[in-house]
Amino acid sequence: MTGYVESADEFWGEFHYLRPGAFDMRGVIIVKVRADEIVQSRFYMEEVDETSVPHPMPGVAGAPATN
């Protein structure tokens, strides 16, 4: 997670999702909680062009090579 905000019964988190051999995804997930249970979640994620944003963990398996 790269950042977050809590507001009343909602949690907004900015995420960077990496999985070796899969897509590099970034975006926001909004989670609504009532009585300590998640009652709703909304995902606003999209694939990131690997040339547009540097990889946050160079050297990790699946990370693109740097020149």
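Just so it is clear, the model here is predicted, and its values are computed rather than measured.

Undergrad: Just checking my understanding: could you explain the overall build of the chain for this structure?
TA: What the chain contains, in helices and strands, is 0 helices and 4 strands. Counted from the first residue to the last, the chain has its helices and strands arranged as β-β-β-β. In the chain, buried positions account for 18% of the 67 residues. Surface exposure of the chain reaches about 5,400 Å², of which carbon and sulfur atoms provide 53%.

Undergrad: Which parts of the structure should I look at to understand the sheet that holds strand E2 (residues 10–17)?
TA: Sheet strands line up and pair through hydrogen bonds in the backbone, either parallel or antiparallel. Sheet architecture is open: 4 strands sit in the order E1-E2-E3-E4, paired in antiparallel fashion. At either margin of the open sheet sits one strand with a lone partner, and together these are strand E1 (3–7) and strand E4 (37–47). The sheet shows a mean angle of 15° between the axes of neighbouring strands, taken without regard to direction.

Undergrad: Sorry, what's going on with the packing of aromatic side chains here?
TA: Geometry of an aromatic ring pair is reported as the spacing of the ring centres plus the angle between the planes. Summed over the entire model, instances satisfying the criterion amount to 1 aromatic pair. Summarising the aromatic geometry, the rings of Tyr-4 and Phe-11 are spaced 5.7 Å apart at their centres and angled 20° between planes, so their arrangement reads as stacked. Residue Phe-11 is classed as partly exposed on the basis of its relative accessible area, which comes to 22%.

Cut-offs and rules
- Residues numbered from 1 in each chain as written.
- Predicted model: local features only at pLDDT ≥ 70, side-chain atom pairs only at ≥ 80, totals over all residues.
- Heavy atoms only, no water.
- Helix = DSSP H or I, 4+ residues; strand = E, 2+ residues; numbered from the N terminus.
- Buried < 20%, exposed > 50% of the residue type's maximum accessible area, 1.4 Å probe, protein only.
- Areas by Shrake-Rupley, 256 points an atom, 1.4 Å probe, with all protein chains shown as cover.
- Pairing = 2+ DSSP bridges.
- Axes fitted to C-alpha atoms, helices over the stretch in contact; angles between N-to-C directions.
- Phe/Tyr/Trp six-rings, centres within 6.5 Å; stacked < 30°, edge-to-face > 60°.

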